[in-house]
Amino acid sequence: MEETVLKVEGMSCEHCVKAVQNAVGALPGIENVSVDLKSKTVAVKYNPAQSTLDAIKAEIDDQGYDVID
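My aim in this report is to walk through the structure given alongside it, one point at a time. (Residues numbered from 1 in each chain as written. Predicted model: local features only at pLDDT ≥ 70, side-chain atom pairs only at ≥ 80, totals over all residues. Heavy atoms only, no water.)

Considerations on the packing of helix α1 (residues 14–25) against helix α2 (residues 53–62)
How two helices pack is summed up by the angle between their axes together with the distance between the axes.
Alright, step 1. Put simply, α1 and α2 touch, their axes get as near as 9 Å, and they point 140° apart. Comparing their axes, α2 and α1 come out oblique. Once α1 is placed against α2, the crossing between them reads as right-handed. Across the interface between the two elements, Val20, Ala23 and Val24 of α1 pack against Ile56, Glu59 and Ile60 of α2.
Alright, step 2. Looking at the contact of α1 with α2, its residues break down into five nonpolar, no polar and one charged. (Axes fitted to C-alpha atoms, helices over the stretch in contact; angles between N-to-C directions. Helix = DSSP H or I, 4+ residues; strand = E, 2+ residues; numbered from the N terminus. Parallel < 35°, antiparallel > 145°, perpendicular 65-115°, else oblique. Left-handed = near helix turned anticlockwise from the far one by under 90°. Contact = heavy atoms within 4.5 Å. Nonpolar A, V, L, I, M, F, W, Y, C, P; charged D, E, K, R; others polar.)

Regarding α2
Alright, step 1. Residues Ile56, Glu59 and Ile60 constitute the buried set of α2. Looking straight down α2, one finds that the buried residues subtend no more than 100° of arc, so they occupy a single side. Set apart from the buried face of α2 by more than 90 degrees, the exposed residues are Asp54 and Asp62.
Alright, step 2. Against the buried residues of α2 lie β1 (2–9), α1, β2 (30–36), β3 (41–46) and β4 (66–68). (Buried < 20%, exposed > 50% of the residue type's maximum accessible area, 1.4 Å probe, protein only. Arc of directions from axis to C-beta.)

Let's talk about the sheet that holds β2
By definition, the strands of a sheet pair up through backbone hydrogen bonds, in either a parallel or an antiparallel sense.
Alright, step 1. Pairing is antiparallel in the open sheet, where four strands are placed in the order β2-β3-β1-β4. Pairing within the sheet leaves two strands with one partner each, and these edge strands are β2 and β4. Neighbouring strand axes in the sheet, compared pairwise and without regard to direction, differ in orientation by 35° on average.
Alright, step 2. The pairing of β1 with β3 spans six bridges and is antiparallel. Residue pairing across strands places Glu3 opposite Lys45, the latter belonging to β3.
Alright, step 3. Across the sheet, α2 touches β1, β2, β3 and β4, and the angle it forms with β1 is around 30°. (Pairing = 2+ DSSP bridges.)

Listed below in structure tokens is the structure:
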């Protein structure tokens, strides 16, 4: 398992939190997704053999939020 913390812009409410948690959590190999609105971060624990970091970033982007590299 790997863990990463992504800086994400555009999240402002609990709906945003649920949207990101549900979308990323539905990807294969995702063990945990934690969204922190205050720090604008998304922490993800995942199996890199099943989901890539690029796939996780793309899923967040698909929800309408911007991952800051």
